[in-house]
Amino acid sequence: MNSKKQLVKGIDVSDTTLEEQKTLNSFYLREIGQPADFRESPDLSEYFFIEEIEDRWNAYEASRLAMQDYPTNAEDFLSWYNKLHMAHRKIVAPFFTRLAEHSTLEELTFYIAMENEVDGRFDDVISLAQLGMTGDMKLALAENYWDEMGMGSLEEMHTVLFTASAEKLRGIAGLSSEKIQVPSAALKNGNLLLMYALRRKYHPRLLGTLAILEHTAPYRFAKTVQAMRRLGIPEDVIYYHDMHIQVDANHGKQLIERVLMTLAKDNPDIIPELCIGCLVRYNVAVDYYNSVEAEMDKITLQKEKEY
Ligand SMILES: [Fe+2]
């Protein structure tokens, strides 16, 4: 329930609740449902209610952004972006150091289960990012998409590899997926991509979000692999994570050089939207890692009580 309404200049900017994020998540998954589930796809009449939640969520995220003058040309945008990238890396470092050096098997398994909120439908997000593009930026996204497709090999499709890896890890840790509660911040982490991908007015924000997400991913995957090797996880479970250290470094580079920079050069008026996408992803990601860490603490406390 939305207990406290927060108004700024008459606009409701109160945060969305866990229930509202669950509503958004199931709605988005119905919007990109499988062909056989066509009967479940949303009815036009449902959009009004969904839009109200989305608008409030976007107003909440906007209220968290410090007033700033966004860059006005591509060159300034690149240095702005690089600074943000460094700040992002610094702020998430304590969480990933803990994950790499001290996490228990259960903690690591929980983290990987939460990553499914993003990785589980990532290929659809990339395909939606490509819609409407022309020229080289479309090719950049096409290459990214083809990587997600395992370059044509079913067994190498990233969603297939990720699901298999997460399942095996849950098996090793003895954790059933039903037992895992997804916190609101983890739902938001996945929902942000889906909202930006499915609402076309947020197309530039999606591209900003994807750039910062993929550009910072090699560091996260490297730390995850370090944790997995320390805990003696089999190499076939590690494979997906290890492979993304390289793959996402390239995706991040291509997104910045061939997509964001091209857009910023050709249409400098959309630079603020690219920036908002980067900044909102930054905030949502920080909340997400904080919430995962809090849940990891609870898991370990509970385990210690059981002994
Ligand atoms: Fe991938």
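As shown above, the structure is provided for reference.
Residues numbered from 1 in each chain as written. Predicted model: local features only at pLDDT ≥ 70, side-chain atom pairs only at ≥ 80, totals over all residues. Heavy atoms only, no water.

A. Structural detail: the overall build of the protein chain. Looking only at helices and strands, one finds eleven helices and two strands in the protein chain. Along the chain direction, N to C, the helices and strands of the protein chain fall in the order β-β-α-α-α-α-α-α-α-α-α-α-α. Rg of the C-alpha trace for the protein chain: 19 Å, near the compact-globule value of 19 Å for 307 residues, within the 12% margin. Taking the principal axes of its C-alpha atoms as reference, the protein chain extends roughly 55 × 45 × 45 Å. Contacts in the protein chain between residues at least 24 apart in sequence constitute 80% of all its contacts with a sequence separation of at least 6. Taken as a whole, the protein chain presents about 15,000 Å² of accessible surface, with 56% of it coming from carbon and sulfur. Averaging the coordinates of the 33 positive side-chain charges in the protein chain and doing the same for the 48 negative ones gives two points 4 Å apart. (Helix = DSSP H or I, 4+ residues; strand = E, 2+ residues; numbered from the N terminus. Rg over C-alpha atoms; globule rule 2.2 N^0.38 Å. Contact = heavy atoms within 4.5 Å. Areas by Shrake-Rupley, 256 points an atom, 1.4 Å probe, with all protein chains shown as cover. Lys, Arg positive; Asp, Glu negative; His and termini not counted. Charge placed at Lys NZ, Arg CZ, Asp CG, Glu CD.)

B. Representation of the nonpolar core. Of all hydrophobic cores here, the largest spans 56 residues; its most connected members are Phe 77, Leu 210 and Val 259. The residue makeup of this core includes at least three contributed by each of domain 1 (1-64) and domain 2 (73-306). With residues up to four places along the chain from it excluded, the contact list for Val 259 reads Met 133, Met 137, Ala 140, Leu 141, Leu 207 and Gln 254. Within the second largest apolar cluster, 33 residues are counted, among which are Val 92, Ile 112, Ile 238 and Val 292. (Core = buried A, V, L, I, M, F, W, Y, C linked by side-chain atoms within 4.5 Å. Buried < 20%, exposed > 50% of the residue type's maximum accessible area, 1.4 Å probe, protein only. Domains from an automatic or database assignment.)

C. Representation of the packing of helix α2 (residues 47-63) against helix α8 (residues 184-198) within the structure. Axis separation between α2 and α8 bottoms out at 12 Å; the angle between their running directions is 110 degrees. Considering the angle they form, α2 stands roughly perpendicular to α8. The chirality of how α2 crosses α8 is left-handed. Packed against α2, whose contacting residues are Glu 54, Trp 57, Asn 58, Tyr 60 and Glu 61, the element α8 presents Lys 188, Asn 191, Leu 192, Met 195 and Tyr 196 at the interface. Classifying every residue of the contact of α2 with α8 gives five nonpolar, two polar and three charged. (Axes fitted to C-alpha atoms, helices over the stretch in contact; angles between N-to-C directions. Parallel < 35°, antiparallel > 145°, perpendicular 65-115°, else oblique. Left-handed = near helix turned anticlockwise from the far one by under 90°. Nonpolar A, V, L, I, M, F, W, Y, C, P; charged D, E, K, R; others polar.)

D. Quick look at the coordination of the iron ion. Surrounding the iron ion are the protein donor atoms Glu 148 (OE), His 158 (ND1) and His 244 (NE2), at 2.2 to 2.4 Å. The motif formed by the donor residues of the iron ion, counted along the single chain, is E-x9-H-x85-H. Of the two residues, His 158 is situated in helix α7 (residues 158-173) and His 244 in helix α10 (residues 235-266); the sequence distance between them amounts to 86 residues. Assessed through its relative accessible area of 4%, His 158 is described here as buried. Taking the relative accessible area as the measure of exposure, His 244 reaches 2% and is therefore buried. (Donors = N, O, S within 2.8 Å, 3.2 Å for Na, K, Ca; no water.)

E. Quick look at the packing of helix α3 (residues 74-102) against helix α11 (residues 271-306). Running from N to C, α3 and α11 cross one another at 5 degrees; their axes reach a closest spacing of 11 Å. Regarding the angle of α3 to α11, the classification is roughly parallel. Its residues placed into classes, the contact of α3 with α11 shows 22 nonpolar, one polar and three charged.

F. Seen up close, the side chain of Glu 115. Residue position: Glu 115 is located in helix α4 (residues 105-119). One buried charged residue, Glu 115, forms no salt bridge at all, with the nearest opposite charge on Arg 220 at 4.9 Å. (Salt bridge = Lys/Arg side-chain N within 4 Å of Asp/Glu carboxyl O.)

G. Molecular detail of the packing of aromatic side chains. The tally for this structure, following the rule as stated, stands at 13 aromatic pairs. Ring plane angle 70 degrees and centroid distance 4.9 Å describe the contact between Phe 96 and Tyr 289, whose orientation is recorded as edge-to-face. Remark: Tyr 289 occurs in helix α11 and Phe 96 occurs in helix α3; sequence separation between them is 193 residues. A residue is classified by how much of its surface remains accessible, and Tyr 289, at 3% relative accessible area, is buried. Both rings, one in Tyr 196 and one in Tyr 202, keep their centres 5.5 Å apart while their planes meet at 45 degrees; by these two values the pair is tilted. Here Tyr 196 falls in the buried class, since its relative accessible area comes to 0%. In this structure Tyr 202 comes out as buried when scored by relative accessible area, which is 9%. Taken together, the aromatic side chains of Phe 95, Phe 96, Tyr 111, Tyr 219, Tyr 288 and Tyr 289 make up a single cluster linked through ring pairs. (Phe/Tyr/Trp six-rings, centres within 6.5 Å; stacked < 30°, edge-to-face > 60°.)

H. Quick look at α3. When the terminal C-alpha atoms of α3 are compared, their 41 Å separation across 29 residues agrees well with the 42 Å that a helix rising 1.5 Å per residue should span. The opening residue of α3 is Asn 73, an N-cap whose side-chain oxygen sits 3.2 Å from the backbone nitrogen of Glu 75. (Expected span 1.5 Å × (residues − 1). Polar contact = N/O pair within 3.5 Å; in protein donor to acceptor, adjacent residues only side chain to side chain.)

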